[in-house]
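Descriptive structure summary
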Amino acid sequence: MIDMPAVLAVFTVYIVGVVIPGPNFVAVAHKAVSARRSEAFALVAGIVLVNLFWASSALLGIGIIFALFPWLALAVKVAGAGYLLWFGYRLIAQAAPSSAPSAVTGKSGFRVAFLQGIATNIANPKSIAFYAAVFSSAAPAHVSTPTFLAMLLEVAMIASLWYGLVALVLSHAPVAGAYRRSKAWIDRACGTLIIALGLRQLLSR
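Not measured: the values here are computed from a predicted model. (Residues numbered from 1 in each chain as written. Predicted model: local features only at pLDDT ≥ 70, side-chain atom pairs only at ≥ 80, totals over all residues. Heavy atoms only, no water.)

**Regarding the overall build of the protein**
Across its full length, the protein carries ten helices and zero strands. Ordering the α and β elements of the protein from the N terminus gives α-α-α-α-α-α-α-α-α-α. Put simply, the protein has 205 residues, and 42% of those count as buried. Here the contacts in the protein between residues at least 6 apart in sequence split such that 90% fall between residues at least 24 apart. Within the structure as shown, the protein displays about 10,700 Å² of accessible surface, and the carbon and sulfur contribution to it stands at 74%. (Helix = DSSP H or I, 4+ residues; strand = E, 2+ residues; numbered from the N terminus. Buried < 20%, exposed > 50% of the residue type's maximum accessible area, 1.4 Å probe, protein only. Contact = heavy atoms within 4.5 Å. Areas by Shrake-Rupley, 256 points an atom, 1.4 Å probe, with all protein chains shown as cover.)

**Considerations on the UniProt feature "transmembrane region" (unreviewed entry) in the protein**
In the UniProt entry, the feature "transmembrane region" (unreviewed entry) is given for residues 6-28, 40-65, 71-92, 113-136 and 148-173. The distance from the first to the last C-alpha atom of residues 6-28 is 30 Å, and the span holds 87% helix and 0% strand. Its end C-alpha atoms 40 Å apart, residues 148-173 is made of 92% helix and 0% strand. (UniProt positions renumbered as here; feature names shortened; annotations may be inferred.)

**Topic: the side chain of N24**
As for its placement among the helices and strands, N24 is situated in helix α2 (residues 23-34). Overall, the relative accessible area of 11% leaves N24 in the buried class. Of the polar contacts made by the side chain of N24, one reaches the side chain of N121; its length is 3.2 Å. Excluding anything up to four places from it in sequence, N24 contacts I47, T120, N121 and Y163. (Polar contact = N/O pair within 3.5 Å; in protein donor to acceptor, adjacent residues only side chain to side chain.)

**What to know about the confidence of the model for the protein**
Model confidence for the protein is summarised by a mean pLDDT of 77, while 76% of its residues fall at 70 or above. For the stretch residues 99-107, pLDDT sits under 50, and the model shows twelve contacts to residues farther than four places along the chain or on other chains. (pLDDT = per-residue confidence, 0-100.)

**Structural notes on the nonpolar core**
By size, the foremost hydrophobic cluster in this structure holds 40 residues, and its most contacted members are Y14, V28, Y131 and Y163. Put simply, the parts of the chain that give this core at least two residues each are α1 (4-19), α2, α3 (37-60), α5 (70-93), α8 (145-170) and α10 (183-203). Setting aside its immediate chain neighbours within four residues, Y131 contacts Y14, N51, W54, A55, A58 and V155. (Core = buried A, V, L, I, M, F, W, Y, C linked by side-chain atoms within 4.5 Å.)

**Focus on the environment of L43**
Within the element layout of this structure, L43 appears in helix α3. Exposure remark for L43: the relative accessible area of 2% places this residue in the buried category.

**A short note on a nonpolar patch on the surface**
On the surface, F11, I15, V16, V19 and I20 cluster together into a nonpolar patch covering about 400 Å² of accessible area. The partly exposed category is assigned to F11, whose relative accessible area is 35%. (Patch = residues over 30% accessible without salt bridge, like charges linked within 9 Å, V, L, I, M, F, W, Y side chains within 5 Å. Salt bridge = Lys/Arg side-chain N within 4 Å of Asp/Glu carboxyl O.)

**Concerning helix α9 (residues 173-181)**
All of the buried residues along α9 are A176, G177 and Y179. One side of α9 carries all its buried residues, which in axial view fall inside an arc of 160°. Exposed side of α9, more than 90 degrees from the buried face: P174 and R181 are the residues found there. (Arc of directions from axis to C-beta.)

In structure tokens, the structure reads:
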């Protein structure tokens, strides 16, 4: 049987955490205005896949491993912060006016965007802390298989709907056109924000 009170409790806490802007939101917003809509959705798919991984890890108690081996948590934290710093620097370094969508075409663009979604989300090890907090406070100590699957389903649905909505809204022609007119400044702003998030992650305890 599905433990509905636990599923609803996870829903309440999780939906608040997802809509708070972070590296995922910035990555989706930038991809939506700078590339094809299909690529933005591919990036969202990568983010959702990692969300399911973090949620499964929290439910299965993998967060305990980080507590037992703090050096592993530190290594993941530094690697993730390094990726965010590199990603932000790359946006700033390549900031330039543009009059057309991303030059990456076809399947390659879709695949690259999907991998970017995975990398951006998995680069934030605080996600595992968030999921551990959500599921430890809302989920029962021993989750049945139906409840486990129901929780993963709601994680997938909430993340897909929220980031999909962001990608859909920001990929409309007027929004994308406004981005192309101010591409250099927007890329620099997004890059600076991502670097700030990376530095915050690197310096946080």
